[in-house]
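An overview of the molecular structure
One-letter residues, chain by chain:
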Amino acid sequence: MTNTTTDLTRATAAQLADLLAAGQVSSVEVTQAHLDRTTAVDEQVHAYLHVAGQSALAEAAEIDRRRAAGEPLHRLAGVPIAVKDVMTTVGMPTTCGSKMLEGWIPPYDATVVAQIKAAGLPILGKVNMDEFAMGSSTEHSAYGPTRNPWDLERIPGGSGGGSSAVVASFQAPLATGTDTGGSIRQPAAVTGSVGTKPTYGGVSRYGLVALASSLDQAGPCARTVLDTALLHEVMGGHDPRDSTSIDAPVPAVVEAAQRADIKGMKIGIVKELTGEGYQAGVSARFEESLQLLVDAGAEIVEVSCPNFRYALAAYYLILPSEASSNLAKFDAMRYGLRVPPTGIDHPSAEQVMAASRDAGFGDEVKRRIILGTYALSSGYYDAYYGTAQKVRRLIANDFDRAFETADVLVSPTAPTTAFRLGEQLDDPMAMYLNDVATIPANLAGVPGMSLPSGLADEDGLPTGLQILAPAMQDQSLYSVGAALEAALTDRWGGPLLDRAPDLTAKGA
Ligand code: GLN
């Protein structure tokens, strides 16, 4: 590989790590190459809310210095990364895509951010997201939408559209994401990138601005299965500051991604997550991928998870309930936006809160706060929240039964390829349906991955395959993902993202 800017941004994190370890490039060069790429293309993509060029280069120089001094370093040391703006970062704004937190600079790092810093990955900046992680398109960001690098008139998925677009447009080899109902996996699917939602409790939630605490899980975004595993390993592990953190070692995800061995593995197709409602090209690529898995030595079985059909309904009671409670802290008193109500000389605290929340929250956030407050109100609690929790148990039981016959489950990640900006913005139900296949995993706490399965014939846009595994078996996602990725890359003659349009070409 020659040492040019273009080559460095095209390299995977694993390749960059090798180049850095061999002394063929410096972290400053790698980091600068990605910052240059951002200068060249992010006006079109709008993945970043905040670019931290100076501090990233300073971190890179420090890693280069430590490497030159012969210090033992993490494998990914010196490989730059972008961070979703839902994670707190000392000295860097954290807005959560909301006007409510505009200008807020947190006094502490999220545990995942601290782990990334400890491993020596320079942080390039903070990337865009739907406000408070509510949405499937990034159009609910108060700072304007991010665009899909495959087609700038289309959405990059959500809520983590900044994370998917930043890796898919080669502005960063790695990004962090969070997945409450699909916000890592669906963006990965529609941008031709890879993303994992780890087992609930496998990655610390400390320092993530909470959406729905019983569903939220941070995870890795990248362009290859191995890179995703490498970042998963950095982010994962026990954290005493998160009461639901699992006290066990991170599953052996890197080893699984490197071995890619699925001989004799039983792969279950979830009947309820295929067929009707899925775009033809999405289903066609899914079916082809199944054949490749068989060729690689796996056995395909069909499983039924009848209660998955209630997953979306249960999710849209549980999520708003928890969100309305979590977002109550944005009260204009302790931090965040404060807007005095107009026309009132001596407003009460309550009037200031009302005016600030009205100005600070967007429509989708307000919709969910209202829904959640209603679902939790006395008299309705049992009928709505209580019933949804029972459905959640039934969905977990469906998973348990399915995993008696299959080692992992598969489905298309999302029902369609990327839709056009604006197309679903006024139709919340249509927007919610994008997560029909990803939500069951969050309700049950099991891990899931999305990786590219090809381009749909109708529109030439990427589509993803989802893999789901039993809790704490995250490594199985990587065995299957790496085996499929190897077969598909072979078939394509190179990575799928090589076929995305060149954003620096005129008129792109
Ligand atoms: N799109 C889903 C929602 O709007 C998922 C969000 C997420 O995973 N953060 O709730």
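Scroll up a little and you will see the structure.
Presented here is a report on the structure given in the accompanying data block. Going along each chain's sequence as written, the residues are numbered from 1 onward. Since the coordinates come from a predicted model, pLDDT governs what is reported: local features require at least 70, and pairs of side-chain atoms require 80 or more to be given and counted, while whole-chain, interface and lining totals use all residues. Note: side-chain values were computed over all heavy atoms of the structure, leaving out hydrogens and water.

**Considerations on the side chain of Ser141**
Convention followed: Only DSSP runs of H or I reaching four residues or more are called helices, and only runs of E reaching two or more are called strands; each is numbered from the N terminus. Here, two residues are considered to be in contact whenever any of their heavy atoms come within 4.5 Å of each other.
Along the chain, the position of Ser141 falls in the loop between strand 3 (123-127) and helix 6 (161-168). Those residues in contact with Ser141 that sit more than four places away from it in its chain are Gly97, Asn128, Met129, Asp130 and Glu131.

**Side note on the pairing of strand 7 (residues 266-270)**
Which entries qualify depends on this criterion: For each residue, the accessible area found with a 1.4 Å probe, counting protein chains only, is set against the maximum for its type, and the residue is called buried under 20%, exposed over 50%, and partly exposed in between. Between any two strands, at least two bridges found by DSSP are needed for them to pair. Note on handedness: a crossover is taken as right-handed if, strands pointing away from the viewer, the path from the first strand over the helix to the second is clockwise.
Burial of strand 7 is extensive: four of the five residues sit out of reach of the surface. Taken together, the five bridges between strand 7 and strand 8 (residues 299-303) define a ladder with parallel strand orientation. Each bridged residue has a counterpart across the sheet, and for Lys266 the counterpart in strand 8 is Glu299. Crossover strand 7 to strand 8 through helix 10 (residues 280-295) is right-handed. Bridge count between strand 7 and strand 9 (residues 408-412): three bridges; the pairing is parallel. Within strand 9, the position partnered with Ile269 by the bridge is Val410.

**Observations concerning the site of the ligand**
Rules: Residues are labelled near a given molecule or strand when at least one of their non-hydrogen atoms is within 4 Å of it. Think of a polar contact as two N or O atoms within 3.5 Å of one another; within protein, one of them needs to be a possible hydrogen donor and the other a possible acceptor, and neighboring residues in sequence only count if both atoms come from side chains. Surface accessibility in these figures is a Shrake-Rupley result with a 1.4 Å probe; residues are shielded only by whichever protein chains are displayed. Any residue that is not Ala, Val, Leu, Ile, Met, Phe, Trp, Tyr, Cys, Pro, Asp, Glu, Lys or Arg is counted as polar, Gly included; the first ten are nonpolar and the last four charged.
Near the ligand you find 16 residues, and of these Thr180, Gly181, Ser183, Tyr315 and Asp435 are the closest. Residue Gly181 places a main-chain N or O atom 2.6 Å away from an oxygen atom belonging to the ligand. Contacts to the ligand include Tyr315, whose side-chain N or O atom sits 2.7 Å from an oxygen atom. In isolation the ligand has 300 Å² of accessible area, and contact with the protein removes 100% of it. Along the lines of polarity and charge, the residues of the shell around the ligand split into six nonpolar, seven polar and three charged.

**What to know about a nonpolar patch on the surface**
Note the following rule: Patches here are clusters of residues that have more than 30% relative accessible area and form no salt bridge, with a 9 Å joining cutoff for like charges and a 5 Å cutoff for nonpolar side chains (Val, Leu, Ile, Met, Phe, Trp, Tyr). A pairing counts as a salt bridge when a side-chain nitrogen of Lys or Arg comes within 4 Å of a carboxyl oxygen of Asp or Glu.
Judged by side-chain polarity, Tyr374, Tyr380 and Tyr384 come together as a nonpolar surface patch covering roughly 280 Å² of accessible area. On the secondary structure map, Tyr374 appears in helix 13 (residues 363-376).

**Re the pattern of salt bridges**
Taken as a whole and assessed by the stated rule, the structure comprises 20 salt bridges. Lys126 is the salt-bridge partner of Asp85, the closest N and O atoms lying 3.1 Å from each other. With Asp85 in the loop between strand 2 (81-84) and helix 5 (111-118) and Lys126 in strand 3, this pair connects stretches of sequence that are 41 residues apart. Classification of Lys126 as buried rests on a relative accessible area of 0%. With a shortest N-O distance of 2.9 Å, Glu288 and Arg285 are connected by a salt bridge. Here Glu288 pairs with Arg285, and both are found in helix 10, just three residues apart, close to one helical turn. By relative accessible area, Arg285 is classed as buried at 11%. Through salt bridges that share partners, Arg285, Glu288, Asp457 and Arg491 make up one connected network.

**Remarks on the environment of Ser476**
Assignment of secondary structure puts Ser476 in helix 17 (residues 474-492). Residues Ser476 and Val408, 68 residues apart in the sequence, show an inter-C-alpha distance of 7.1 Å. If near-sequence neighbours (up to four positions away) are discounted, Ser476 is found in contact with Met265, Val408 and Ala469.

**Considerations on the packing of helix 11 (residues 311-326) against helix 14 (residues 382-405)**
Heads up, the rule is: In this description, a line fitted to the C-alpha atoms serves as the axis of each element, helices being fitted only across the stretch in contact, and the angle between N-to-C directions of two axes falls anywhere from 0 to 180 degrees. Each angle receives one of four descriptions, namely roughly parallel if under 35 degrees, roughly antiparallel if over 145, roughly perpendicular if within 65 to 115, and oblique otherwise. Definitions for this section: a left-handed crossing has its near helix turned counterclockwise from the far helix by less than a right angle. A right-handed crossing has that turn clockwise.
Relative to each other, helix 11 and helix 14 sit at 130 degrees, their axes nearing to 9 Å. Considering their axes alone, helix 11 and helix 14 lie oblique with respect to each other. The two elements helix 11 and helix 14 meet at a crossing, and its hand is left-handed. Every residue of helix 14 that contacts helix 11 at Ala311, Ala314, Leu317, Ile318, Ser321 and Glu322 is listed here: Tyr384, Tyr385, Ala388, Gln389, Val391, Arg392 and Ile395. Here the residues of the contact of helix 11 with helix 14 are counted per class, giving nine nonpolar, two polar and two charged.

**Description of the environment of Asp502**
Inspection of the secondary structure puts Asp502 in the segment after helix 17. The exposure class assigned to Asp502 is partly exposed, which follows from its relative accessible area of 41%. Linking Asp502 and Tyr374, residues 128 residues apart in sequence, is a C-alpha distance of 48 Å.

**Notes on the nonpolar core**
For the record, the criterion: Definition of nonpolar core: a set of buried residues of the types Ala, Val, Leu, Ile, Met, Phe, Trp, Tyr and Cys, connected through side-chain atoms within 4.5 Å.
Met87, Phe132, Leu174, Leu409, Ile467 and Tyr478 are the most contacted members of the largest nonpolar core, which totals 128 residues. The next biggest cluster of nonpolar side chains, apart from the first, holds 18 residues, and it includes Ala47, Ala172, Cys221 and Leu503.

**Description of unusual backbone geometry**
That bond from Gly158 to Ser159 is cis: its omega, 5 degrees, falls within 30 degrees of zero. Mapping Ser159 onto the fold places it in the loop between strand 3 and helix 6. Positive phi is not limited to glycine here, since Met472 has a value of about 70 degrees. Position of Met472 among the secondary structure elements: in the loop between strand 11 (462-468) and helix 17.

Functional significance is not addressed by these values, which are geometric in nature.
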